[in-house]
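# Residue-level structural notes
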Amino acid sequence: MNALRRAIAAFRAWPRRYHGLLVGVVLWILWLLFGFWRTLLLAVLAAIGYMVGRVLEENQSWRELLDKLLSDRYTE
């Protein structure tokens, strides 16, 4: 467990450009393995899962989230 914590600490110490590089390489590998549409679906589902987890973690209201997403500033 200590090795994992050290690895996470080392990863966080990297400059942000290396985080972006790592994300790009992972997406490229997924694209090669699964194809464009499946990789895009995976990214969309991961984003939805992140949003749901964030709402649950912060004890936010679903109505508040929908009001933010569907507010007047996004409509013309």
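Here the structure is a predicted model, which means the values were calculated and not measured. (Residues numbered from 1 in each chain as written. Predicted model: local features only at pLDDT ≥ 70, side-chain atom pairs only at ≥ 80, totals over all residues. Heavy atoms only, no water.)

## Concerning the overall build of the protein chain
The cut-off we apply is this: Only runs of H or I of at least four residues qualify as helices and only runs of E of at least two qualify as strands under DSSP, and these elements are numbered from the N terminus. Restricting the calculation to C-alpha atoms gives the radius of gyration, and the globule rule supplies 2.2 Å times the number of residues raised to the power 0.38. Think of it in three bands: with a 1.4 Å probe and only protein chains considered, a residue is buried below 20% of the maximum accessible area for its type, exposed above 50%, and partly exposed in between. Note on areas: these come from Shrake-Rupley sampling with a 1.4 Å probe, and a residue is covered only by the protein chains present in the view.
Along its length, the protein chain carries four helices and zero strands. Taken from N to C terminus, the helices and strands of the protein chain fall in the order α-α-α-α. Relative to the globule expectation of 11 Å for 76 residues, the C-alpha radius of gyration of the protein chain, 17 Å, shows a markedly less compact shape. When the backbone C-alpha atoms are referred to their principal axes, the protein chain occupies close to 45 × 35 × 20 Å. The proportion of buried residues among the 76 residues of the protein chain is 7%. Accessible surface, the protein chain as shown: approximately 7,300 Å² in total, 66% of it carbon and sulfur.

## Considering the environment of Ala 10
Within the secondary structure, Ala 10 is located in helix H1 (residues 2-13). Residue classification places Ala 10 among the partly exposed positions, given a relative accessible area of 38%. A sequence separation of 62 residues divides Ala 10 from Asp 72, and the C-alpha atoms of the two residues are 43 Å apart.

## So, the packing of helix H2 (residues 16-34) against helix H3 (residues 36-57)
In helix packing, the relevant descriptors are the interaxial angle and the interaxial distance, both defined with respect to the helix axes. For clarity, the cut-off: To define axes, lines are fitted to C-alpha atoms, for helices over the stretch in contact only, and angles between the resulting N-to-C directions are given on a 0 to 180 degree scale. Angle categories are assigned with fixed cut-offs, so that under 35 degrees is roughly parallel, over 145 is roughly antiparallel, 65 to 115 is roughly perpendicular, and the rest are oblique. Helix crossings fall into two classes, left-handed where the near helix is turned counterclockwise from the far one by less than a right angle and right-handed where it is turned clockwise. Every residue pair with non-hydrogen atoms within 4.5 Å of one another is taken to be in contact. For this scheme, ten residues count as nonpolar: Ala, Val, Leu, Ile, Met, Phe, Trp, Tyr, Cys and Pro. Four count as charged, namely Asp, Glu, Lys and Arg, and the remainder, Gly too, count as polar.
Viewed as axis vectors pointing N to C, H2 and H3 meet at an angle of 130 degrees, and their least axial separation amounts to 7 Å. Here H2 is positioned oblique relative to H3, judged by the angle of their axes. As H2 runs across H3, the sense of the crossing is right-handed. Along its contact with H2, which presents Leu 27, Leu 30, Trp 31 and Phe 34, the element H3 presents Phe 36, Arg 38, Thr 39 and Leu 42. The class makeup of the residues in the contact of H2 with H3 is six nonpolar, one polar and one charged.

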